[in-house]
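Now for the letters of each chain:
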Amino acid sequence: CCNNSQNNWLWESRKFDPNFKGPIHNRGCTDILCCILFILALLGYFAVGIIAWSQGDPRKVIYPTDSRGQFCGQAGTPLEKKPLLFYFNILKCASPLVLLEFQCPTTQLCVESCPNRHLTLIKAKVGNKDDQEYYKKYCKEGVDFTGLSPPEILKEGLCPAMLMPSKAFTRRCLPALATLKGGVVVVGNETTFDDGNSGTVNASDVLEASKKSNIAVEARQVAMRIFEDYTHSWHWILLGLVIAMVVSLIFIVLLRFLAGIMVWIMIILVILVIGYGIFHCYMEFASLKGEPGADVTIRDLGLQTDFSVYLQIRQTWLAFMIILAIVEFIIILLLIFLRKRIMIAIALIKEASRAVGHVMSSLFYPLLTFALLAVVIAYWAITAVFLSTSNEQVYKVFNTSVCPFSRETCNPKTFNSSNASLVCPDAECLFAFYGGETLYHKYLILFQFYNVFLFFWCANFVTALGQVTLSGAFASYYWAFKKPEDIPAYPIFSSLGRALRYHTGSLAFGSLILSLVQVIRVLLEYLDHKLKGAQNKFAKFLLSCLKCCFWCLEKCIKFLNRNAYIMIAIYGKNFCTAARDAFFLLMRNIIRVAVLDKVTDFLLFLGKLLIVGIVGIFSFFFFSGRIKAVEQAAPSLNYYWVPILTVVVGSYLIAHGFFSVYAMCVDTLFLCFCE
């Protein structure tokens, strides 16, 4: 009987209290243990940051490192004017991927410029003075180039056996590979060249040694072009984001006074904007008919670093047109079937507009959330860089003949007097990579994991703080009997103060649960990446199921947390009690929640889509140079989609920031209504 009465109580509606006037002011601290745990975790996070900043050195990422562990091109050092890394024998490297990881088993030297012609050591020795001076630039300092014979120079590893035409790439001199018509591979217009040891090397051999890294090299080339595009267009991108912010603000203000009309205008404009997209794709598709190469398929084209090539084939525009048509069809279908619910949702948005009108400061609160999230992201990124560069220089024994000490760790200061030097006269102690065997380096992976986990926890805490603050302010509007007399003077500041003073522990508790699920999802993605080459079908299936389950779990926790935070803002209870109350309240009104709340979210999503569409279309015409009036002002870019995509993503985030206030207002008013 007791159990039945308890269950009935959970499903009963709350009794009417005529004296209840909004968020309770006389409340106590909740989830104190979790608050203490969060503070200790933050102190630990700061400690990890301090250790990383004291041990790390970002120069290891910025500058390439020669065989003696010195940074090429670092300001204030003797190598300041030698920014490029040169490899004595690049053919010894398995692939350029090894080069980019500083693990090539050959002498590495900082130089001013890369070799631009083929020259062997023997030809340089018997050549004129200019050839000798040119060759000496790629030898170790202090070498007696004229006094020593070529065999002696090569035995001591003082100079490379040959130079080949190279180009600077990621501050490293890599072979200047090219392909002529017919597939003939050349290095500096030569198909074969002398290797300096009475032999010849085919250009195709160099290509074979490099081909494994072609994707990585091309990806880096794309990254460099994208970076160059950003340097040319950043001010126009900022202008586009400012326009998106102004459009969002105007839309919100109009929604305040003309909610019903604006919602219908928004729906019609979204349909028209997507319809125009379909029309534009069809016109591009039709204009390419009969053009040479336009009928090539995307699969035949393969991966291209110049993405504008894809816009020259008909299949690309056909794919865009089909995708937009499907989106248009789904939206129209939803509008037809949900037309009655849309009318009720519009009424809810009207009420939300009144609430936002009385709490106008809520529109600017997302700026604080953005600022706090920017701090969290910046701290995580900087700490991650310093942790990843806090390894020490590791030197290995490199040799040309058989040596029992090959690839063993060595000390360059004592190597010449060591046993390895006596047993292997041709061996050298060269810088290999960054690592370490100390206690700190053994637990470095744990520090990285802690950095990722605290990033999720802090980011979720900032989001939770914003949700509690806004819900507290809008709840004070809903429960005010006389509006605006009963609404607090500064509802946002009052709500923020209550959240920080009383409910830091509850926010940390909810954020912790969500962060644990997110970290598990990250680990599953990591495992999936590692198992891509595996043949075990059952393992792949199990991993896919786990990823799907944890994705669903994360969505459920986010939804429950959001409503729990609203209950915390109103009643000041701890997280578990608030989550339980919110859950049973939603269960008692499951039909309203499933339909009305989601329809409102759908309408607000259409608003974001409209703003992104308007700004995206204008940025497309501007950056692609299709507006004749401002054609000269448009920057010259490698990929005009780079600033367009940046503006589109940025516009969505800005619109989401403004509309998230409306979404939180709708959810708060809806939950208060259910109460």
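By the naming in an unreviewed UniProt entry, the chain is Choline transporter-like protein, taken from Astatotilapia calliptera. We quote the UniProt Function (unreviewed entry) comment for the chain here in full: "Choline transporter."

### Quick look at the overall build of the chain
Within the chain, the secondary structure is distributed over 23 helices and 13 strands. With 675 residues in all, the chain has 45% of them scored as buried. Pairs at least 24 residues apart make up 73% of the contacts formed inside the chain by residues separated by at least 6 positions. If you sum the accessible surface of the chain, you get close to 35,700 Å²; carbon and sulfur atoms cover 65% of it.

### Describing the state of the cysteines
Applying the stated criterion to the full structure yields three disulfides. The disulfide that involves Cys-72 links it to Cys-110, with 1.9 Å between the sulfurs. Measuring the twist about the S-S bond at about -75°, one finds the Cys-72-Cys-110 disulfide to be left-handed. In this pair, Cys-72 sits in the loop between helix 3 (59-62) and strand 1 (84-87) while Cys-110 sits in strand 2 (residues 108-111), placing the two residues 38 residues apart along the sequence. Using a relative accessible area of 0% as the deciding quantity, one classes Cys-72 as buried. One disulfide bridge connects Cys-139 with Cys-159, the sulfur atoms lying 2.0 Å from each other. Negative torsions about the S-S bond denote left-handed disulfides, and the value of about 120° found for Cys-139 with Cys-159 makes this one right-handed. With Cys-139 in the loop between helix 6 (129-136) and helix 7 (150-156) and Cys-159 in the loop between helix 7 and strand 4 (162-163), this pair connects stretches of sequence that are 20 residues apart. The pair formed by Cys-139 and Cys-159 is uniform in burial state, with each residue classed as buried. Cys-552 provides the cysteine sulfur closest to Cys-548, a residue in no disulfide bond, and the two sulfurs are 4.4 Å apart. The class for Cys-552 is partly exposed, based on a relative accessible area of 33%.

### Observations concerning the UniProt feature "transmembrane region" (unreviewed entry) in the chain
Following the UniProt record, one finds the feature "transmembrane region" (unreviewed entry) at residues 32-53, 234-254, 261-279, 317-338, 359-382, 454-481, 602-625 and 637-659. Annotated as residues 234-254, this span is 100% helix and 0% strand, and its ends, taken at the C-alpha atoms, are 30 Å apart. A distance of 27 Å separates the end C-alpha atoms of residues 261-279, which is 100% helix and 0% strand.

### Side note on helix 21 (residues 575-588)
Look at helix 21: 20 Å from first C-alpha to last across 14 residues, which is about the 20 Å you get at 1.5 Å a residue. Every buried residue of helix 21 is accounted for by Phe-575, Ala-578, Ala-579, Asp-581, Ala-582, Phe-584, Leu-585 and Leu-586.

### Section: the packing of aromatic side chains
Aromatic ring pairs are described here by two measures, namely the spacing of the ring centres and the angle between the planes. Considering all chains together, one arrives at 23 aromatic pairs under this definition. On the basis of an interplanar angle of 90° and a centroid distance of 6.0 Å, the ring pair of Phe-46 and Tyr-379 is categorised as edge-to-face. Of the two residues, Phe-46 sits in helix 2 (residues 32-55) while Tyr-379 sits in helix 14 (residues 365-388), which places them 333 residues apart along the sequence. Using a relative accessible area of 16% as the deciding quantity, one classes Tyr-379 as buried. Measuring from ring centre to ring centre gives 5.1 Å for Phe-622 and Phe-623, while their planes differ by 75°; the resulting arrangement is edge-to-face. In terms of burial, Phe-622 and Phe-623 fall into one category: buried. Connected via pairs of aromatic rings, a cluster forms that spans Tyr-45, Phe-46, Trp-53, Tyr-379 and Tyr-450. One Lys or Arg, Arg-117, reaches over the ring of Tyr-134 and ends 4.4 Å from the middle of that ring.

### Let's talk about empty space enclosed by the protein
Taken as a whole and assessed by the stated rule, the structure comprises one cavity of 30 Å³ or more. Taken as a whole, the largest cavity holds about 30 Å³ of empty space. Taken together, Asn-563, Leu-586, Val-593, Asp-597, Asp-667, Phe-670 and Leu-671 make up the lining of the largest cavity. When residues of the lining of the largest cavity are traced back to their parent elements, those giving at least two are helix 22 (590-623) and helix 23 (641-674). Among the elements that line the lining of the largest cavity, the one with the most residues is helix 23, at three residues. Residues belonging to the lining of the largest cavity are distributed by class as follows: four nonpolar, one polar and two charged.

### Quick look at the side chain of Ser-619
Structurally, the position occupied by Ser-619 is in helix 22. For Ser-619, a relative accessible area of 8% translates into the label buried. If near-sequence neighbours (up to four positions away) are discounted, Ser-619 is found in contact with Ile-644 and Val-647.

### Notes on the packing of helix 20 (residues 537-571) against helix 21
How two helices sit against one another is set out by the angle between their axes and by the gap between those axes. Orientation of helix 20 relative to helix 21, taken along the N-to-C sense of each, is 110°, at an axis distance of 8 Å. In terms of their interaxial angle, helix 20 and helix 21 are classed as roughly perpendicular. Between helix 20 and helix 21, the residues in contact are Phe-559, Leu-560, Asn-561, Asn-563, Ala-564, Tyr-565, Met-567 and Ile-568 and Phe-575, Ala-578, Ala-579, Asp-581, Ala-582, Phe-583, Leu-585 and Leu-586, respectively. Its residues placed into classes, the contact of helix 20 with helix 21 shows 13 nonpolar, two polar and one charged.

### Topic: the pairing of strand 2
Note on strand geometry: in a regular strand, side chains alternate between the two faces of the sheet. Of the two faces of strand 2, the one carrying Gln-108 and Cys-110 and the one carrying Leu-109 and Val-111 are both buried. With four bridges connecting them, strand 1 and strand 2 associate as antiparallel partners. Bridge assignment links Leu-85 to a residue of strand 2, and that residue is Cys-110.

### Regarding unusual backbone geometry
Its identity is not glycine, yet Asp-31 carries a phi of approximately 50°, on the positive side. Looking at where Asp-31 falls in the secondary structure, it is placed in the loop between helix 1 (2-11) and helix 2.

### Side note on the pattern of salt bridges
On inspection of all chains with the given rule, the structure shows nine salt bridges. Residue Glu-351 is joined to Arg-354 by a salt bridge in which the shortest nitrogen-to-oxygen separation is 2.7 Å. Note that Glu-351 and Arg-354 are positioned in helix 13 (residues 339-358) at a spacing of three residues, about one turn of the helix. Note on Glu-351: relative accessible area 28%, which makes it partly exposed.

### Some details on helix 23
With 34 residues, helix 23 should cover 50 Å at 1.5 Å per step; its first-to-last C-alpha distance of 46 Å lies within 8% of that length. Phe-659 marks where helix 23 bends most, by close to 30°. Summarising burial for helix 23: 24 of the 34 residues are buried, a large majority.

### Considering the side chain of Thr-369
In this structure, Thr-369 sits in helix 14. A residue is classified by how much of its surface remains accessible, and Thr-369, at 15% relative accessible area, is buried. Sequence-distant contacts of Thr-369, defined by excluding residues within four places in its chain, comprise Val-462 and Gly-466.

### Side note on the confidence of the model for the chain
Confidence along the chain averages 79 in pLDDT terms, with 83% of residues attaining 70 or more. The model gives residues 208-217 a pLDDT under 50, and that stretch makes 12 contacts with residues more than four places away or in other chains.

Criteria and cut-off values
- Residues numbered from 1 in each chain as written.
- Predicted model: local features only at pLDDT ≥ 70, side-chain atom pairs only at ≥ 80, totals over all residues.
- Heavy atoms only, no water.
- UniProt positions renumbered as here; feature names shortened; annotations may be inferred.
- Helix = DSSP H or I, 4+ residues; strand = E, 2+ residues; numbered from the N terminus.
- Buried < 20%, exposed > 50% of the residue type's maximum accessible area, 1.4 Å probe, protein only.
- Contact = heavy atoms within 4.5 Å.
- Areas by Shrake-Rupley, 256 points an atom, 1.4 Å probe, with all protein chains shown as cover.
- Disulfide = S-S within 2.5 Å.
- Expected span 1.5 Å × (residues − 1).
- Phe/Tyr/Trp six-rings, centres within 6.5 Å; stacked < 30°, edge-to-face > 60°.
- Lys NZ or Arg CZ within 6 Å of the ring centre and 35° of its normal.
- 1 Å grid on protein atoms, 1.4 Å probe; cavity = no way out; pocket = protein on both sides within 12 Å on 5 of 7 lines; lining within 4 Å.
- Points joined across faces, edges and corners; volume = space filled by probe spheres on them.
- Nonpolar A, V, L, I, M, F, W, Y, C, P; charged D, E, K, R; others polar.
- Axes fitted to C-alpha atoms, helices over the stretch in contact; angles between N-to-C directions.
- Parallel < 35°, antiparallel > 145°, perpendicular 65-115°, else oblique.
- Pairing = 2+ DSSP bridges.
- Salt bridge = Lys/Arg side-chain N within 4 Å of Asp/Glu carboxyl O.
- Bend = angle between axes of the 7 residues up to and from the residue.
- pLDDT = per-residue confidence, 0-100.

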